[in-house]
Amino acid sequence: MTGLWFFGGVSARAVELTEGPRASVTGSREVSLEWSTDVSCGSRVQYGTSPRMLTKRAEGAVGTHHVVVLTDLVPGTVYHYSVGTARYPLTTNTFILPALGATPAPDSPTAPSGVRPPALTNSVPAAPVEASRPPPARVTWGNLGSLQDHFDRHGADFSARDPEHYAGLAWEFRERAIRENWSAKRDEDGVVRIYDPRTGGFAAYNRNGTTKTYFKPRSRSYFERQPGDRFDLKTWKP
Amino acid sequence: METVKRHPCPVCGYPGLSEPPRTRSGGGSYEICPSCGFQFGVSDDDAGETYSVWRERWRAAGMKWSSRGLRPPKDWDPATHVSRVESEALGAAPKRPKRNRGA
């Protein structure tokens, strides 16, 4: 997804994620996040133990390959994070820092020297480099006139930077749900509802696959209370 | 020329929703009313808001057009729309029992 934005007559090209993010253990309480972008820009990670509370921040150098180390983490904890620049978050993800003793730290006597630290158990795998770019919102969003209002209401749940980005995230949510066969329901009108308990994301799609809404419910039982029968996403052909 | 059917908002009476606010299966449409801002299936089912409380809050705030993506139609008349939905609500309410005169 690329756009040209004009600020005072000078064009500014949007930053795009080209690889990662990938999380690796660098110590018992330390994780390194790596990602790449198509243009040189700053490196910022916002993270926390709740997807709605990314209150901690860590920064790295300017460049196209970004490495940011998160320190003072709590072993055995799920962390949610976003990576991007100081202005624009690019994507969100989650990792689980293994409990003490579960994974040898690279400087421990048991870890052979020169061995790259193992990758963390990401609860949500990072998107592959060749992942499809989302189609434009006019294709993926059901009622295009309503997109601005949905973005205003729910865009912050996903650190979406604008309505087009928000619609793209909803499309990517759908695509990942199909690939990984997440929990889904379909009702008699053909509306498909998908929920990812790992990130708290919920989306509803029309029969033709276009998005109705995408947000993070406050209530943990929200998805269970939604109508529809359990539905195998592998059989869905939107 | 095919006419697109519109549906009234049960909160503010705006007659321009693109879908029925509740589906046949009982779920919300997820549509955000551009007039009052209520999102069916979310404002109620997730945030626990009721139509009447939302309506009163919206009325107290001046009944402003909520949507930033859609403009109000030229004939948008929030006072009339609210009055209509409230009249319909009263009409649907159980009638008081008649007084037993002369008993």
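Thresholds, definitions, all that
- Here the residue numbers are simple positions, counted from 1 along each chain's written sequence.
- Chains and ligands are labelled by the order in which they are written, letters from A for the one and numbers from 1 for the other.
- Predicted model: local features are reported for residues with pLDDT of at least 70 only, side-chain atom pairs are reported and counted for 80 or more only, and whole-chain, interface and lining totals are derived from all residues.
- As a rule here, side-chain values come from all non-hydrogen atoms in the structure, and water together with hydrogens is ignored.
- Put simply, DSSP marks the helices as runs of H or I at least four residues long and the strands as runs of E at least two long, and each gets a number from the N terminus on.
- The classification of residues rests on relative accessible area computed with a 1.4 Å probe and restricted to protein chains. Under 20% of the type maximum is buried, over 50% is exposed, and intermediate values are partly exposed.
- Methods summary: accessible areas were calculated by the Shrake-Rupley approach with a probe of 1.4 Å, and residue burial reflects only the protein chains presented.
- Two aromatic rings from Phe, Tyr or Trp, using only the six-membered ring of Trp, form a pair when their centres are within 6.5 Å; if the ring planes differ by under 30 degrees the pair is stacked, by over 60 it is edge-to-face, and anything between is tilted.
- Should the NZ of a Lys or the CZ of an Arg lie within 6 Å of a ring centre and within 35 degrees of the ring normal, that charge is described as sitting over the ring.
- Throughout this description, the term salt bridge denotes a Lys or Arg side-chain nitrogen within 4 Å of a carboxyl oxygen of Asp or Glu.

Colleague: Sorry, what's going on with the overall build of chain A here?
Modeller: Looking only at helices and strands, chain A has four helices and twelve strands in total. Burial status across chain A gives 46% buried among its 238 residues. Accessible surface, chain A as shown: approximately 11700 Å² in total, 51% of it carbon and sulfur.

Colleague: In this structure, what is going on with the packing of aromatic side chains? I would like to understand it.
Modeller: Each aromatic ring pair is specified by the distance between its two centres and by the angle formed by the two planes. Tallying each qualifying case throughout the model produces 23 aromatic pairs over all chains. Centroid distance phenylalanine 38 of chain B to tryptophan 54 of chain B: 5.1 Å. Interplanar angle 80°. Geometry classified as edge-to-face. With phenylalanine 38 of chain B in the segment before α1 (51-60) and tryptophan 54 of chain B in helix α1, the pair connects residues that are 16 residues apart, well separated along the chain. Summarising the burial analysis for this pair, phenylalanine 38 of chain B and tryptophan 54 of chain B share the class buried. Counting every residue linked through ring pairs, the aromatic cluster contains Trp141, Phe151, Phe158, Tyr166, Phe173, Trp182 and Tyr214 of chain A. The ring of phenylalanine 223 of chain A carries lysine 185 of chain A above its face, with NZ or CZ at 5.0 Å from the centroid.

Colleague: Explanation requested: the pattern of salt bridges in the structure shown.
Modeller: Here the idea is simple: oppositely charged side chains can pair when their charged atoms come close. All names here are of chain A. Applying the stated criterion across every chain yields a total of 16 salt bridges over all chains. Residue glutamate 175 pairs with arginine 174 through a salt bridge whose shortest N-O separation is 2.8 Å. Measuring nitrogen to oxygen at the nearest pair gives 2.9 Å for the salt bridge that ties arginine 193 to aspartate 187. Like aspartate 187, arginine 193 is buried. Shared partners join several salt bridges into a network, and the residues in it are Arg44, Arg57 and Glu59.

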